[in-house]
Amino acid sequence: MAGTLDDIDRRILAELTQDGRMSMRTLAERLHISRANAYARVERLRTAEVIRGFRADVDPVAAGLGTTAYVTVNLNQAEWRDVADRLRALPGVVHIALVGGEFDVIMLVRAEDNAALGRLVLDEIQGMPGVVNTRTLLVFEEAEPG
């Protein structure tokens, strides 16, 4: 579907990225198209899974998750699928990516505090079969992209 996106589709994605709760009426007015056209295009983008959902943008600190870290994991290559499934199921894992380079997996993790992060990394992740080692990179400050 990516190759078939036109300018209006891209503008719809840009508008909904800024405000996922925007009404179809407002979206149509901003793009100078009919509401029926806006609705049909959004449905087509959802059906094609270009739009995967609409989520709340939650402030992690306000939600009680004051500690953020990137955790890198090296794992036994023969067990990567099982380890990846177990990592995805852990509480506080916001994002997980299998990567190439010095480590095999990088995860964005949020926890209540450093002690909770330590328990997650030391007890849960490092105790998993197939995990060779981890590195934890504590985030001091986050900036919103552009």
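Residues numbered from 1 in each chain as written. Predicted model: local features only at pLDDT ≥ 70, side-chain atom pairs only at ≥ 80, totals over all residues. Heavy atoms only, no water.

(A) Main features of unusual backbone geometry. Even without being a glycine, His 32 presents a positive backbone phi close to 60°. With respect to the helices, strands and loops of the structure, His 32 is situated in the loop between helix H2 (24–31) and helix H3 (35–47). With relative accessibility at 70%, the residue His 32 sits in the exposed group. One non-glycine residue, Glu 49, lies in the positive phi region at around 60°. (Helix = DSSP H or I, 4+ residues; strand = E, 2+ residues; numbered from the N terminus. Buried < 20%, exposed > 50% of the residue type's maximum accessible area, 1.4 Å probe, protein only.)

(B) Here's a closer look at the packing of helix H1 (residues 7–18) against H3. Where H1 meets H3, the axes come as close as 11 Å, and the angle between the chain directions of the two elements is 80°. Between H1 and H3, the angle falls in the class roughly perpendicular. Across the interface between the two elements, Ile 8, Asp 9, Ile 12, Leu 13 and Leu 16 of H1 pack against Arg 41, Val 42, Arg 44 and Leu 45 of H3. Its residues placed into classes, the contact of H1 with H3 shows six nonpolar, no polar and three charged. (Axes fitted to C-alpha atoms, helices over the stretch in contact; angles between N-to-C directions. Parallel < 35°, antiparallel > 145°, perpendicular 65-115°, else oblique. Contact = heavy atoms within 4.5 Å. Nonpolar A, V, L, I, M, F, W, Y, C, P; charged D, E, K, R; others polar.)

(C) Structural context of the nonpolar core. Within the largest apolar cluster, 19 residues are counted, with the highest numbers of intra-cluster contacts made by Val 71, Val 73, Leu 87, Leu 90, Met 107, Val 109 and Ile 125. At the level of secondary structure, the elements contributing two or more residues to this core comprise strand S1 (67–75), helix H4 (80–88), strand S3 (105–111) and helix H5 (114–125). When residues of this core are assigned to their parent elements, the largest contribution, five residues, is made by H5. Each residue touching Ile 125, except ones within four places of it in the same chain, is listed here: Val 71, Val 73, Leu 87, Leu 90, Met 107, Leu 120, Val 131 and Thr 134. Core analysis: the second largest hydrophobic core is formed by twelve residues, Leu 16, Ala 28, Ile 33 and Ala 38 among them. (Core = buried A, V, L, I, M, F, W, Y, C linked by side-chain atoms within 4.5 Å.)

(D) Highlighting the UniProt feature "domain: HTH asnC-type" (unreviewed entry) in the protein. When the UniProt feature table is mapped onto this chain numbering, "domain: HTH asnC-type" (unreviewed entry) sits at residues 5–66. For residues 5–66, the helix share is 53%, the strand share is 0%, and the end-to-end C-alpha distance is 39 Å. (UniProt positions renumbered as here; feature names shortened; annotations may be inferred.)

(E) Representation of the layout of surface pockets within the structure. Looking at the largest pocket, its volume works out to about 760 Å³. Contributing to the lining of the largest pocket are 17 residues, with Leu 16, Thr 17, Gln 18, Gly 20 and Arg 55 lying nearest its centre. Grouping the amino acids of the lining of the largest pocket by side-chain chemistry returns seven nonpolar, four polar and six charged. In terms of lining, the second largest pocket is formed by 13 residues, of which the most central are Asp 57, Val 58, Val 94, Leu 108 and Arg 110. Elements supplying a minimum of two residues to the lining of the second largest pocket: strand S2 (93–98) and S3. Per-class residue counts for the lining of the second largest pocket are seven nonpolar, one polar and five charged. (1 Å grid on protein atoms, 1.4 Å probe; cavity = no way out; pocket = protein on both sides within 12 Å on 5 of 7 lines; lining within 4 Å. Points joined across faces, edges and corners; volume = space filled by probe spheres on them.)

(F) Representation of H2 in the model. Looking at H2, one finds that the buried residues are Leu 27, Ala 28 and Leu 31. Buried residues of H2, seen end-on, are gathered within an arc of 95° and therefore sit on one face of the element. Buried residues belonging to H2 abut H1 and H3. A positive phi of about 60° marks His 32, the residue just after H2. (Arc of directions from axis to C-beta.)

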